[in-house]
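# Coordinates in review
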Amino acid sequence: MSEGEMADSIKHVGIVGAGQMGSGIAHVSALAGYGVTLYDIAEDRTSAGRDKIAATLDRQLASQKITEADRDAAMARIATTTDTAALGTADLVIEAATEDETVKRKIYREICPHLAPGAILATNTSSISITRLASATDRPERFMGIHFMNPVPVMKLVELVRGIATEDATFESARHYVTALDKTISVSEDFPAFIVNRILLPMINEAIYVLYEGVGSVESIDTAMKLGANHPMGPLQLADFIGLDTCLSIMQVLHDGLADSKYRPCPLLVKYVEAGWLGRKAGRGFYDYRGETPVPTR
């Protein structure tokens with residue numbers, strides 16, 4: 001098989017995890033014409049993922065970004081399953097589970113025996129070593145990072161990250177797939193948190209330190225960065241959107257992987273996570289989302 005044929009060989013995409021990221025990847029893949037198998041451990045999760053995709057497609061239809069035929073065809077391309085064996089028909093499987101290395105390794109042990117011998121396995125990790133994750137699979141040469149940004153249907157960037165064993169053909173297939181989704185590619189070396197989060201998360205962590213030290217309130221910090229740096233969203237609002245548990249996890253990866261005190265997670269971030277105030281998804285974070293409008297919690 002030539003390199004061009006290898007790059008064109010992805011027709012069916014399997015996605016592990018039907019949450020925010022997994023359903024978003026399923027959405028853009030189906031809309032681009034790929035067959036999709038969306039897997040999660042329970043039917044209520046796959047149903048919720050499918051409902052989320054349908055709702056986003058309906059919003060795109062209402063804003064005339066897609067046609068009714070596009071929406072119907074995309075939904076028809078998506079199958080959901082709670083059986084790992086169903087991933088065996090996929091040419092590319094993307095793991096989009098929580099940002100926890102132990103969880104990801106467990107998933108690879110469960111799904112690898114069911115994958116087609118030539119299938120590529122990718123991870124949507126936002127910070128964990130691709131080389132280390134690849135070593136937990138049966139196909140390190142056909143393993144790499146394909147890191148989508150949240151929300152997937154809106155954000156244009158995808159980071160492609162090779163592990164030390166990733167073959168050229170694997171990388172070219174991934175590049176072809178991401179290009180077909182009409183996304184822009186940024187290629188990163190396999191260093192902790194790659195490019196986007198290596199820069200973004202320390203900024204968010206610093207904003208939390210500014211709050212922790214009493215330099216400014218939640219509102220003043222977010223207003224300062226929105227109007228003073230022209231950011232579309234303040235750093236604390238963004239942290240709530242990402243999920244404070246995810247923010248903490250990425251900061252811990254940076255701190256452990258680079259052994260530099262500048263990446264030390266702010267104690268206030270740790271405290272919020274310990275309280276279960278994880279941001280939007282939990283109803284509370286740096287803002288309280290339980291009323292009609294978000295209210296700062298500090």
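Residues numbered from 1 in each chain as written. Predicted model: local features only at pLDDT ≥ 70, side-chain atom pairs only at ≥ 80, totals over all residues. Heavy atoms only, no water.

What follows covers helix H7 (residues 168–180). In this model H7 runs 18 Å from its N-terminal to its C-terminal C-alpha over 13 residues, within 8% of the 18 Å that 1.5 Å per residue would give. Within the span of H7, buried status applies to Thr170, Phe171, Ser173, Ala174, Tyr177 and Val178. One face of H7 carries all of its buried residues, which in axial projection span an arc of 160 degrees. Asp182, located one to two residues past H7, shows a positive phi value of around 65 degrees. (Helix = DSSP H or I, 4+ residues; strand = E, 2+ residues; numbered from the N terminus. Expected span 1.5 Å × (residues − 1). Buried < 20%, exposed > 50% of the residue type's maximum accessible area, 1.4 Å probe, protein only. Arc of directions from axis to C-beta.)

All right, on to the nonpolar core then. The biggest cluster of nonpolar side chains holds 34 residues, and the ones touching the most others in it are Leu92, Ile146, Phe148 and Tyr177. Those residues within four positions of Leu92 in sequence are excluded, and the remaining contacts are Ile10, His12, Val13, Gly14, Ile120, Ala122, Ile146 and Tyr177. Counting residues in hydrophobic clusters, the runner-up holds 26 residues, among them Ile221, Leu236, Leu268 and Tyr272. (Core = buried A, V, L, I, M, F, W, Y, C linked by side-chain atoms within 4.5 Å. Contact = heavy atoms within 4.5 Å.)

The next subject is the UniProt feature "domain: 3-hydroxyacyl-CoA dehydrogenase NAD binding" (unreviewed entry) in the chain. Cross-referencing UniProt, the feature "domain: 3-hydroxyacyl-CoA dehydrogenase NAD binding" (unreviewed entry) maps to residues 12–185 in the present numbering. Helix makes up 40% of residues 12–185 and strand 21%, and the two end C-alpha atoms of the span are 21 Å apart. (UniProt positions renumbered as here; feature names shortened; annotations may be inferred.)

Another point: the UniProt feature "binding site: NAD(+)" (unreviewed entry) in the chain. Per the UniProt entry, the sites bearing "binding site: NAD(+)" (unreviewed entry) are Gly17, Ala18, Gly19, Gln20, Met21, Gly22, Asp40, Glu99, Lys104, Ser126, Asn150 and Lys281 in this numbering. In this structure, Met21 sits in helix H2 (residues 20–31). On the basis of relative accessible area, Met21 is assigned to the buried category, the value being 17%. The residues contacting Met21, other than those within four sequence positions of it, are Ala96, Asn124, Phe148, Met149, Asn150 and Val152.

Between helix H3 (residues 43–62) and helix H4 (residues 68–76), the least distance of the axes is 9 Å, while the angle of their chain directions is 165 degrees. Relative to H4, the element H3 lies roughly antiparallel. Two packed elements cross with a definite hand, and for H3 against H4 that hand is right-handed. Every residue of H4 that contacts H3 at Arg50, Ile53, Ala54, Leu57, Asp58 and Leu61 is listed here: Glu68, Arg71, Ala74 and Met75. When grouped by side-chain class, the residues that make up the contact of H3 with H4 number six nonpolar, no polar and four charged. (Axes fitted to C-alpha atoms, helices over the stretch in contact; angles between N-to-C directions. Parallel < 35°, antiparallel > 145°, perpendicular 65-115°, else oblique. Left-handed = near helix turned anticlockwise from the far one by under 90°. Nonpolar A, V, L, I, M, F, W, Y, C, P; charged D, E, K, R; others polar.)

Turning to the sheet that holds strand E2 (residues 35–39), a few remarks are in order. Ordered in space as E3-E2-E1-E4-E5-E6-E7-E8, the eight strands form an open sheet in which the pairing is mixed. Since the sheet does not close on itself, it has two edges, and those belong to strand E3 (78–81) and strand E8 (184–188), each with one partner. Across this sheet, the average inter-strand angle for adjacent strands is 25 degrees, counted without regard to direction. Pairing analysis gives three bridges linking strand E5 (residues 120–123) to strand E6 (residues 143–148), with the strands arranged parallel. For Ala122, the partnering residue across the bridge sits in E6 and is Met144. Across the sheet, H3 is in contact with E2 and E3; its angle to E3 comes to roughly 160 degrees. (Pairing = 2+ DSSP bridges.)

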